[in-house]
Amino acid sequence: MYERSMLISEARVTPILVSDAPLLNLQGVHQPYTPRCVIEVVTEGGVVGLGETYGDREYLTALQTFAAHLPGHPVTASTRLWDLAAEILRPETVDADLLGERPDREMFGRRNLDKLHGIVVSAFEVALLDALGRTVDLPVHALLGGKLRDRVDYAAYLFYRWSEHPTSHASSDDWDAALDPGGVVRQAERMVREHGFRSLKLKGGVFPPEEEIAAVTALHQAFPDLPVRLDPNGAWSVDTGTKVAENLRDVVEYLEDPCTGTRAMAEVHRRARVRLATNMCVTTPGEIPEAFATDAVQVLLCDHHFWGGLQATQHLSAICKTYGVGLSMHSNTHLGISLAAMTHAAACAQGDLHACDTHRPWQTEDVITRPHRFDGGAITVPDEPGLGVELDREALARLHERWSGSDVRTRDDVAAMQVADPHWSMPSMPRW
Ligand SMILES: O=C([O-])[C@@H](O)[C@@H](O)[C@H](O)[C@@H](O)C(=O)[O-]
Ligand SMILES: [Mg+2]
């Protein structure tokens, strides 16, 4: 029998809109506001556990449906969330849009029921672990088996960008435009100066490969001691990917998703012998065997938001270690609850962990009372109970009010680009 105080009495899902920067990518540009969800799991003992995840309409509905079934569930039993998800979120009960192909929305691989279960389970698993940690006075990393490192390194996530959104009602930040090698290097200098990052990653797939090769080469010349990565989100053909890899062989730590699909990745690696990473062709356990057997991927970017949570991240790290594949972490626009969860997961990950991605420096607001600070490009792993963050209820209410007063319900970088260029559409692949 579980103690009554460990049972969930209520689970809340609060959609919010977070202001975002005009960051460019293959699909287009980030919207002025992007949807996220904050999860709160309240126990009979009065403890509140936090989670954060995607806020797009279709996920929101699935999260809310799932939340309604949680009262009575013990916070000690997060592995059971998978069975609950399979029971509740079935093809006939979920938004069809979640299961169909949407190349413009597939930055983290195929959309299918397993992926949806992983996303929903993850959001609540984090909140359950936070609640459990607060109840028993232990940090989440201790519940995961114990931290292997005291600090988690993150990479400066560089983007081609505009200085402002093309709409007048959007909020703006104080970053300059970066549309050429000089702009990218200046952006990196500020990121390194302000946060101390010791790895650099450029989001590519925006300009023809020669221009992105020039930008990455300029980064390498400006920061000869820092590892550099380039990620065009699968935009190149095998021939183009091979040429870029050959050009950047002595420059990049690895190339991330140069091409779309495991076979194309394996072929580029076979031809160029440059290390490749992915958060696109391996995003579910079922995609691991082919990718590892064909040596398509040498570094896997995990993301607890879609791999099924913090425990699933630990399992994945053990598999990668066994196969000699390195691990890093993928990110999308996120706030501090997600950053705390990523940090606990990364602290416990086994094997060869590369600096993790984070979009956090691009966000000007947060829903936690003490937003994280990067020190030497790293976050110190919190030892406070649970995730080690406190919800800022005023900020949550403000960002939720923004959501209520807006009709933005999904992240749609293609549509955001069409505001500036009405003729824009999702590029057909391979783009180059
Ligand atoms: O935020 C972006 O524009 C990124 O392109 C993101 O959506 C990707 O999912 C991601 O960062 C990646 O590494 O592919
Ligand atoms: Mg990527």
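Residues numbered from 1 in each chain as written. Chains lettered and ligands numbered in written order. Predicted model: local features only at pLDDT ≥ 70, side-chain atom pairs only at ≥ 80, totals over all residues. Heavy atoms only, no water.

Draft legend 1. The packing of helix 1 (residues 57–67) against helix 3 (residues 113–136), seen in detail. Where helix 1 contacts helix 3, the axes come no closer than 10 Å and their chain directions differ by 60°. It follows from the interaxial angle that helix 1 and helix 3 lie oblique. As helix 1 packs across helix 3, the resulting crossing turns out to be right-handed. Note on element contacts: helix 3 touches helix 1 through Leu 116, Ile 119, Val 120, Ala 123 and Phe 124, opposite Tyr 59, Ala 62, Leu 63, Phe 66 and Ala 67. (Axes fitted to C-alpha atoms, helices over the stretch in contact; angles between N-to-C directions. Helix = DSSP H or I, 4+ residues; strand = E, 2+ residues; numbered from the N terminus. Parallel < 35°, antiparallel > 145°, perpendicular 65-115°, else oblique. Left-handed = near helix turned anticlockwise from the far one by under 90°. Contact = heavy atoms within 4.5 Å.)

Draft legend 2. Quick peek at the environment of Ala 85. Mapping Ala 85 onto the fold places it in helix 2 (residues 81–88). By relative accessible area, Ala 85 is classed as buried at 0%. As a C-alpha pair, Ala 85 and Asp 303 span 218 residues in sequence and 19 Å in three-dimensional space. (Buried < 20%, exposed > 50% of the residue type's maximum accessible area, 1.4 Å probe, protein only.)

Draft legend 3. Region of interest: helix 1. For helix 1, every residue scored as buried is listed here: Glu 58, Tyr 59, Leu 60, Ala 62, Leu 63, Phe 66 and Ala 67. Buried positions along helix 1 lie against strand 1 (8–19), strand 2 (33–43), strand 3 (48–54), helix 2, helix 3 and helix 13 (393–404).

Draft legend 4. Here's a closer look at the domain arrangement of the chain. Here the chain is partitioned into domain 1 (4–141 + 394–404) and domain 2 (146–386). Each partner contributes to the interface: domain 1 provides 52 residues, whereas domain 2 provides 60 residues. The tally of links between domain 1 and domain 2 comes to one salt bridge. The residue Glu 365 makes a salt bridge to Arg 402 at a minimum N-O spacing of 2.7 Å. Connecting domain 1 to domain 2 are 25 residue pairs in polar contact (both at pLDDT 80 or more). Broken down by secondary-structure element, the contributors of at least two residues to the side of domain 1 that touches domain 2 are strand 1, strand 2, strand 3, helix 3, helix 4 (140–143) and helix 13. (Domains from an automatic or database assignment. Salt bridge = Lys/Arg side-chain N within 4 Å of Asp/Glu carboxyl O. Polar contact = N/O pair within 3.5 Å; in protein donor to acceptor, adjacent residues only side chain to side chain.)

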